[in-house]
Amino acid sequence: MKEQDVINDYTAITTCNRIEQQLSPSTKSDVNNSPDPVNIAKLYAIKEAIADRVEMHKNIGEQRSQWNNMLLTSINIITLAAATMTAIATTSASPFLGLKISSTLLYLAATVMLVIMNKLQPSQLAEEQRITTRLFQHLLHQIDTTLSIGHPMTSDVQEAMDNILALDKAYPLPILGTMLDKFPSSVEPSVWWPQQRRRQVKKINQNINDWNGWNGKLEEEMREIMGILGKKDQEEYIRLGQKALKLNKILAICGPLLTGLGAIGSAFVGSWAAVVGTVAGALATIVNTIQHGGQVGMVFEMYRNNAGFFKYMQENIEFNLMEKDVERRENGEVFELKVALKLGRSLLEVRNLANASSWKGEQLNEFASKLF
């Protein structure tokens, strides 16, 4: 009987231990097969916040685009009306005091409105919101992919939070106080991503001998692509951004200067200065149409964002290559596919480009991206 009691006690203890192991959150079975519901709930909450931001930036972007059209039309109409009044008063036998005062006031109003418009650059503001909307939608798709694959980690939640905050900082909504400098002293690529962090292990293939899709040839190809992105694509868009910025600065100065000159000329109706006032009004309309109708500020922001895109790709490639533990890198095959798609190339074209760069070195004139 004693032996039987001992056997029964041992069996009961063993059964309890097995039950405790099955209920423990730190067991291998739970880690591999049971996603953390808290992380899933957090990601869904982040998705809701991102969806709200997408709608908000989209609506504000449309509003600021309408600002640009409305202000452009209003200023041009006011300027042309003032120039017409000045011309009528000049050609009449006895200048009318009412036309003289009205044209001067219209020119002054156009000057003030144009200064404000040039300061805010509504076309550039609208482009910022369009870019932000697209980037937030990209984050939304990333979270959907993470949830679809399953097993979201705490690092996925933290990465999503960091991306949101970095994007909020890169493209602020308020105009007063935190608005981006529309006329910077130098052109720098836009940066909307947080500092890269060491990833937790998330294997796609359980075979420990496959090097997570990486090999020496792929690493060399990615280094060549990274070099081309920095020396060709990024530098090209920085150069174009500098030209757009210079043109925008010249136009932003010439517009108010011409309307101000028109106001001075209209005040001296009956002399040669009135002719200058009329011509200045016509030229101001042309300058204003080129700057804001042509949306030079938007073009500058587009170039700066494109340069930032190539900088982001460079940093992403460099971050993976610097990680010595290949199991902590993004899967090499998936990463190569992403790089090819972002550059608008097939996998074969990416490999051929990297090989051509390694052969020709600095003599390669081809850009990495075929999208823009």
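Rules of the game
Residues numbered from 1 in each chain as written. Predicted model: local features only at pLDDT ≥ 70, side-chain atom pairs only at ≥ 80, totals over all residues. Heavy atoms only, no water. Helix = DSSP H or I, 4+ residues; strand = E, 2+ residues; numbered from the N terminus. Contact = heavy atoms within 4.5 Å. Areas by Shrake-Rupley, 256 points an atom, 1.4 Å probe, with all protein chains shown as cover. Core = buried A, V, L, I, M, F, W, Y, C linked by side-chain atoms within 4.5 Å. Buried < 20%, exposed > 50% of the residue type's maximum accessible area, 1.4 Å probe, protein only. Patch = residues over 30% accessible without salt bridge, like charges linked within 9 Å, V, L, I, M, F, W, Y side chains within 5 Å. Salt bridge = Lys/Arg side-chain N within 4 Å of Asp/Glu carboxyl O. Phe/Tyr/Trp six-rings, centres within 6.5 Å; stacked < 30°, edge-to-face > 60°. Lys NZ or Arg CZ within 6 Å of the ring centre and 35° of its normal. Polar contact = N/O pair within 3.5 Å; in protein donor to acceptor, adjacent residues only side chain to side chain. pLDDT = per-residue confidence, 0-100. UniProt positions renumbered as here; feature names shortened; annotations may be inferred. Axes fitted to C-alpha atoms, helices over the stretch in contact; angles between N-to-C directions. Parallel < 35°, antiparallel > 145°, perpendicular 65-115°, else oblique. Left-handed = near helix turned anticlockwise from the far one by under 90°. Nonpolar A, V, L, I, M, F, W, Y, C, P; charged D, E, K, R; others polar.

In the nomenclature of an unreviewed UniProt entry, the chain corresponds to F-box protein At4g22030 from the organism Nicotiana tabacum.

### Regarding the overall build of the chain
Scanning the chain from N- to C-terminus turns up 11 helices and zero strands. For the chain, the sequential pattern of α-helices and β-strands runs α-α-α-α-α-α-α-α-α-α-α. A sequence separation of at least 24 residues applies to 86% of the contacts in the chain between residues at least 6 apart. Total accessible area on the chain is roughly 20800 Å²; 61% of this is exposed by carbon and sulfur atoms.

### Topic: the environment of Met-117
Its location among the elements puts Met-117 in helix α4 (residues 97-120). With 45 residues separating them in the primary sequence, Met-117 and Leu-72 have C-alpha atoms 8.7 Å apart. Look past the residues within four positions of Met-117 in its chain and what remains in contact with it is Asn-68, Leu-71, Leu-72, Ile-75, Pro-122 and His-292.

### So, the nonpolar core
In terms of nonpolar packing, the biggest core is built from 47 residues, with Ile-46, Ile-50, Trp-192, Met-222, Ile-225, Leu-229 and Ile-317 touching the most fellow members. For this core, the element with the highest residue contribution is helix α7 (residues 216-266), accounting for 10 residues. Leave out the neighbours within four places in its chain, and Ile-46 touches Ile-143, Val-157, Ala-160, Met-161 and Ile-164. Residues Leu-72, Ile-75, Ala-110 and Leu-114 belong to the second largest nonpolar core, which totals six residues.

### A look at a nonpolar patch on the surface
Among the surface-exposed residues, Val-275, Val-279, Leu-283, Ile-286 and Ile-290 lie close enough to one another that they form a single nonpolar patch of about 420 Å² accessible area. Secondary-structure assignment places Val-275 in helix α8 (residues 272-293).

### Considerations on the packing of aromatic side chains
Tallied over the entire structure, the rule returns seven aromatic pairs. On the numbers, 5.4 Å between centres and 65° between planes, the contact of Phe-309 with Phe-310 is edge-to-face. Judged by relative accessible area, Phe-310 falls into the buried class, the value being 0%. Counting every residue linked through ring pairs, the aromatic cluster contains Tyr-237, Tyr-303, Phe-309 and Phe-310. Across the ring face of Phe-367, the terminal group of Lys-232 is positioned such that the distance to the ring centre comes to 5.0 Å. Seen from the ring of Trp-214, Arg-329 lies directly overhead, with NZ or CZ sitting 4.9 Å from the centre.

### Focus on the side chain of Thr-79
Structurally, Thr-79 is set in helix α3 (residues 37-91). Residue Thr-79 is classed as buried on the basis of its relative accessible area, which comes to 2%. There is a polar contact of 2.7 Å between the side chain of Thr-79 and the backbone oxygen of Ile-75. Contact partners of Thr-79, with chain neighbours within four places excluded, come to Tyr-107, Ala-110, Thr-259, Gly-281, Ala-284 and Thr-285.

### What to know about the confidence of the model for the chain
When pLDDT is averaged along the chain, the result is 84, and 84% of the positions lie at 70 or above. Within the model, the stretch residues 1-32 combines pLDDT values under 50 with eight contacts to residues more than four positions away or in other chains.

### Structural notes on the UniProt feature "transmembrane region" (unreviewed entry) in the chain
Summarizing the sequence annotation, UniProt attributes the feature "transmembrane region" (unreviewed entry) to residues 70-90, 96-116, 247-265 and 271-290 in the numbering used throughout. Taken end to end, residues 96-116 comprises 95% helix and 0% strand; its first and last C-alpha atoms sit 31 Å apart. Annotated as residues 247-265, this span is 100% helix and 0% strand, and its ends, taken at the C-alpha atoms, are 26 Å apart.

### Examining the environment of Gly-241
Its location among the elements puts Gly-241 in helix α7. Its relative accessible area of 0% is what places Gly-241 among the buried residues. Sequence-distant contacts of Gly-241, that is, excluding residues within four places in its chain, are made with Val-187, Phe-300 and Tyr-303.

### Describing unusual backbone geometry
At Gln-121, a position not held by glycine, the phi torsion is positive, near 50°. When you line up the elements, Gln-121 lands in the loop between α4 and α5 (122-149). For Asn-212, which is not a glycine, the phi torsion comes out positive at approximately 55°. Take Asn-212: its relative accessible area is 7%, and that puts it in the buried class.

### Quick word on the packing of α4 against α8
One can describe the packing of α4 onto α8 by two numbers: an axis separation of 13 Å at closest approach and a directional angle of 25°. It follows from the interaxial angle that α4 and α8 lie roughly parallel. For the element pair α4 and α8, the recorded crossing hand is left-handed. Each of Tyr-107, Leu-114, Met-117 and Asn-118 in α4 lies in contact with α8, whose residues at this interface are Gly-277, Thr-278, Gly-281, Asn-288, Gln-291 and His-292. Partitioned by chemical class, the residues of the contact of α4 with α8 number three nonpolar, seven polar and no charged.

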